[in-house]
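Chain by chain, the residues run as shown.
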Amino acid sequence: QVQLVESGGQLVQAGGSLRLSCAASGRPSSDYTMGWFRQAPGKERVFVAAITRSGSTTYYADSVKGRFTASRDNAKNTVYLQMNSLKPEDTAIYYCGARRPYSGTSYVVTDYDYWGQGTQVTVSS
């Protein structure tokens, strides 16, 4: 199985930028479609972005489209989420997930097989 560790979460002012990283180990990250999800206090985990095994295709929630960019470096077994123009409503714990490419859909939380521990992003106004 694959282990995932997120990093990069910070306290940032509205309008600022952050880059989150998700490092994979145990198996090559290229075996999996990778997703980014977030969970705000008192809310369920929701889809943010996803990227296919080769990195050729990305998907985004409407709430982050045009502001966030997912990418991956399979040689480093790492996926990234570049977050620009951050808003207070982006405040959440951000998780990366991994799923086998034919096991489900990229935006469904329950279709992912593995999760990291999460990293806190707080956007102040």
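Every value quoted in this text rests on a predicted model; they were computed, and no experiment measured them. (Residues numbered from 1 in each chain as written. Predicted model: local features only at pLDDT ≥ 70, side-chain atom pairs only at ≥ 80, totals over all residues. Heavy atoms only, no water.)

A. Region of interest: the side chain of Thr33. Its location among the elements puts Thr33 in strand 4 (residues 33–39). Apart from the residues within four sequence positions on either side, Thr33 is in contact with Ile51, Thr52, Arg53, Arg72, Gly97, Ala98, Arg99, Pro101, Ser106 and Tyr112. (Helix = DSSP H or I, 4+ residues; strand = E, 2+ residues; numbered from the N terminus. Contact = heavy atoms within 4.5 Å.)

B. A look at the nonpolar core. Ranked by size, the top nonpolar core spans 31 residues in total, and within it Trp36, Leu81, Met83 and Tyr94 carry the most contacts. For this core, the elements supplying multiple residues, two or more each, are strand 3 (18–25), strand 4, strand 5 (46–51), strand 7 (68–73), strand 8 (78–83), strand 9 (92–99) and strand 11 (119–124). Per-element accounting of this core gives the leading share, five residues, to strand 5. (Core = buried A, V, L, I, M, F, W, Y, C linked by side-chain atoms within 4.5 Å. Buried < 20%, exposed > 50% of the residue type's maximum accessible area, 1.4 Å probe, protein only.)

C. Here's a closer look at the environment of Leu20. Looking at the secondary structure, you find Leu20 in strand 3. Residue Leu20 is classed as buried on the basis of its relative accessible area, which comes to 0%. Between the C-alpha atom of Leu20 and that of Thr91, which follows or precedes it by 71 residues, the distance is 13 Å.

D. Structural context of unusual backbone geometry. Positioned with a positive phi, Asn77 is a non-glycine residue whose angle comes to about 50°. For Asn77, the location among the structural elements is in the loop between strand 7 and strand 8. In this structure, Ser85 takes a positive phi of about 50° despite not being glycine. Tracing the chain through its elements places Ser85 in the loop between strand 8 and strand 9. Given the relative accessible area of 42%, Ser85 is considered partly exposed.

E. Quick peek at the sheet that holds strand 1 (residues 3–7). In space, the four strands of this open sheet follow the order 1-3-8-7, with antiparallel pairing throughout. Across the chains shown, the open sheet's two edge strands, defined by having one partner strand only, are strand 1 and strand 7. Recorded for the sheet is a direction-independent mean angle of 15° between the axes of neighbouring strands. Pairing between strand 3 and strand 8: six bridges, direction antiparallel. (Pairing = 2+ DSSP bridges. Axes fitted to C-alpha atoms, helices over the stretch in contact; angles between N-to-C directions.)

F. View of the pattern of salt bridges. As enumerated under the stated definition, the model contains four salt bridges in all. Close ionic contact of Asp62 with Lys65 constitutes a salt bridge, the shortest N to O distance being 3.2 Å. You'll find Asp62 and Lys65 in the same group, each marked exposed. Two residues, Arg100 and Asp113, come together in a salt bridge whose shortest N-O distance is 3.9 Å. Taken together, the residues span a long stretch of sequence, with Arg100 in the loop between strand 9 and strand 10 (114–115) and Asp113 in the loop between strand 9 and strand 10 at a distance of 13 residues. (Salt bridge = Lys/Arg side-chain N within 4 Å of Asp/Glu carboxyl O.)

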